[in-house]
Amino acid sequence: QVQLVESGGGLVQGGGSLKLSCAASGGTFSFYAMGWFRQAPGKEREFVADISGSGGSTDYADSVKGRFTISRDNAKNTVYLQMNSLKPEDTAVYYCAAVAGDYVTQHAYEYNYWGLGTQVTVSS
């Protein structure tokens, strides 16, 4: 059983930056692909970025490409999401998720484990 805990959310002005972290425990971290998803009020959960277990492959939603960077430190059992040039439309609860395998997937239904989320609010 893998447990995931997100941190790093907060309130930031438009154009600013935040770095989210997701600490994992309970499994061999490098065996799991990791994803970041977000959910804004009244909207469905949407894919943001993912990274393979080895870190060799990444994928991004078009809406964040060039602004967000996903990375992982397998020695620290942690995945990160560096968010730059933030926009008010990036406001959401951000969740990290894990799925066994060294691949990338945008599909939320493929992820077996989820954190509780961290709130990101971007003011205009």
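Let us look at the structure shown here. For clarity, every value in this text was computed on a predicted model and none was experimentally measured.

### Notes on the nonpolar core
And then number 1: Counting residues in hydrophobic clusters, the biggest one holds 37 residues, and the most contacted among them are Leu4, Met34, Trp36, Leu81, Met83 and Tyr94.
And then number 2: Breaking this core down by element, the ones donating at least two residues are β3 (18-25), β4 (32-39), β5 (46-51), β7 (68-73), β8 (78-83), β9 (92-100) and β11 (118-123).
And then number 3: The element that contributes the greatest number of residues to this core is β9, accounting for six residues.
And then number 4: Apart from the residues within four sequence positions on either side, methionine 83 is in contact with Gly16, Ser17, Leu18, Leu20, Arg67, Phe68, Tyr94 and Val120.

### Side note on the side chain of serine 52
And then number 1: Among the structural elements, serine 52 can be located in the loop between β5 and β6 (58-60).
And then number 2: Overall, the relative accessible area of 1% leaves serine 52 in the buried class.
And then number 3: What serine 52 contacts, discounting residues up to four positions off in sequence, is Tyr32, Ala33, Ser57, Arg72, Asp102, Tyr103 and Val104.

### Topic: the sheet that holds β7
Where strands meet in a sheet, backbone hydrogen bonds hold them as pairs that are either parallel or antiparallel.
And then number 1: Reading across the sheet, the four strands line up as β1-β3-β8-β7 and stay open at both edges, with antiparallel pairing between neighbours. With partners counted over all chains shown, the strands left at the sheet margins are β1 (3-7) and β7, one partner each. Each strand axis lies, on average, 15° off the axis of its neighbour in the sheet, ignoring direction.
And then number 2: Two elements, β7 and β8, share six bridges in a ladder whose sense is antiparallel. Note that in β8 the partner of phenylalanine 68 across the bridge is methionine 83.

### Quick notes on the state of the cysteines
And then number 1: In the structure shown here, the tally under the stated rule is one disulfide.
And then number 2: Note on cysteine connectivity: cysteine 22 is disulfide-linked to cysteine 96, with sulfurs 1.9 Å apart. Judged by the sign of its S-S torsion, about 45°, the cystine formed by cysteine 22 and cysteine 96 is right-handed. Here cysteine 22, found in strand β3, pairs with cysteine 96, found in strand β9; they are 74 residues apart in sequence, far enough to count as distant.
And then number 3: Using a relative accessible area of 0% as the deciding quantity, one classes cysteine 96 as buried.

Quick notes on the rules
Residues numbered from 1 in each chain as written. Predicted model: local features only at pLDDT ≥ 70, side-chain atom pairs only at ≥ 80, totals over all residues. Heavy atoms only, no water. Core = buried A, V, L, I, M, F, W, Y, C linked by side-chain atoms within 4.5 Å. Buried < 20%, exposed > 50% of the residue type's maximum accessible area, 1.4 Å probe, protein only. Helix = DSSP H or I, 4+ residues; strand = E, 2+ residues; numbered from the N terminus. Contact = heavy atoms within 4.5 Å. Pairing = 2+ DSSP bridges. Axes fitted to C-alpha atoms, helices over the stretch in contact; angles between N-to-C directions. Disulfide = S-S within 2.5 Å.

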